[in-house]
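# Fold and contact review
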Amino acid sequence: MVTTTAEDWLVTPLVNLTDYTNVSLSFWGGQQYTADYATEYTVRVSTTSQTDISSFTTIETYTEADFATTTPISSQKTVDLSAYNGQQIYIAFVMSQNDGDNWFIDDVNVTGTLGTADFNNNSAAAVYPNPTKGLITITNEENIQSIEVYGILGNLIKTVSRTNKVDIGELANGSYLIKIKTDQGAVRTEKVIKN
């Protein structure tokens, strides 16, 4: 009899941890069967690719005994991601098995502590106009190093450097996040509406 191992992958979109420390992953998990099929459940991380499975590193391994079978989702797990503080990562949940087993996952959260200085609280700092038809101006007492424009789901759309203006006129109407970084290391994120 020949047995083969199947791998089932569930990979997150890019998770941006560039401004965070003390990062951790939490999720609820479970499995259905009382028989032990020698299934291995792993949490893996890649800093380079969502689709190249060879780029992922296993950071946590579980067996069937780690998930109660009384209800499908009954065990909360926490995984330390502090090794990836300040990086952008993909997180994969991988089930390796050969007998048709299952793994239920819910309430996946990545949390951390904002690790960079914030803008000085002064009345001179402003992002305008908001809402805008396109051109956004940022005024602040500190020199602006870069302005990054993100979609509401966290995808980086545009970056400009060494200017206090960014034009989002070519983007579709909607909400965007503008991340402003100064030469002194301060970071400020503002929600803007393009209409």
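Just so it is clear, the structure is predicted and the values come from calculations on it, not from any experiment. (Residues numbered from 1 in each chain as written. Predicted model: local features only at pLDDT ≥ 70, side-chain atom pairs only at ≥ 80, totals over all residues. Heavy atoms only, no water.)

## Things to note about the overall build of the protein
- Counting its secondary structure elements, the protein contains 0 helices and 15 strands.
- Looking at the protein residue by residue over its 195 residues, the buried ones come to 36%.
- Carbon together with sulfur atoms contributes 48% to the accessible area of the protein, which is approximately 10600 Å² in total. (Helix = DSSP H or I, 4+ residues; strand = E, 2+ residues; numbered from the N terminus. Buried < 20%, exposed > 50% of the residue type's maximum accessible area, 1.4 Å probe, protein only. Areas by Shrake-Rupley, 256 points an atom, 1.4 Å probe, with all protein chains shown as cover.)

## Concerning the environment of glutamine 97
- By the secondary structure assignment, glutamine 97 is in strand 7 (residues 88-97).
- Residue glutamine 97 is classed as buried on the basis of its relative accessible area of 8%.
- Residues glutamine 97 and tyrosine 37, spaced 60 residues apart in sequence, show a C-alpha to C-alpha distance of 7.3 Å.
- At 3.1 Å, the side chain of glutamine 97 forms a polar contact with the backbone nitrogen of aspartate 101. (Polar contact = N/O pair within 3.5 Å; in protein donor to acceptor, adjacent residues only side chain to side chain.)

## Structural notes on the side chain of asparagine 102
- Mapped onto the elements of the fold, asparagine 102 is located in the loop between strand 7 and strand 8 (104-114).
- A residue is classified by how much of its surface remains accessible, and asparagine 102, at 14% relative accessible area, is buried.
- A distance of 2.8 Å separates the side chain of asparagine 102 from the side chain of glutamine 32, its partner in a polar contact.
- Asparagine 102 has contacts with Gly30, Gln31, Gln32, Tyr33, Tyr41 and Met95, leaving out every residue within four places of it along the chain. (Contact = heavy atoms within 4.5 Å.)

## Section: the environment of alanine 6
- Tracing the chain through its elements places alanine 6 in strand 1 (residues 6-11).
- Along the primary structure alanine 6 and serine 96 are separated by 90 residues, whereas in three dimensions their C-alpha atoms are 5.6 Å apart.
- Once you skip the residues sitting within four places of it in the chain, alanine 6 turns out to touch Met95, Ser96 and Gln97.

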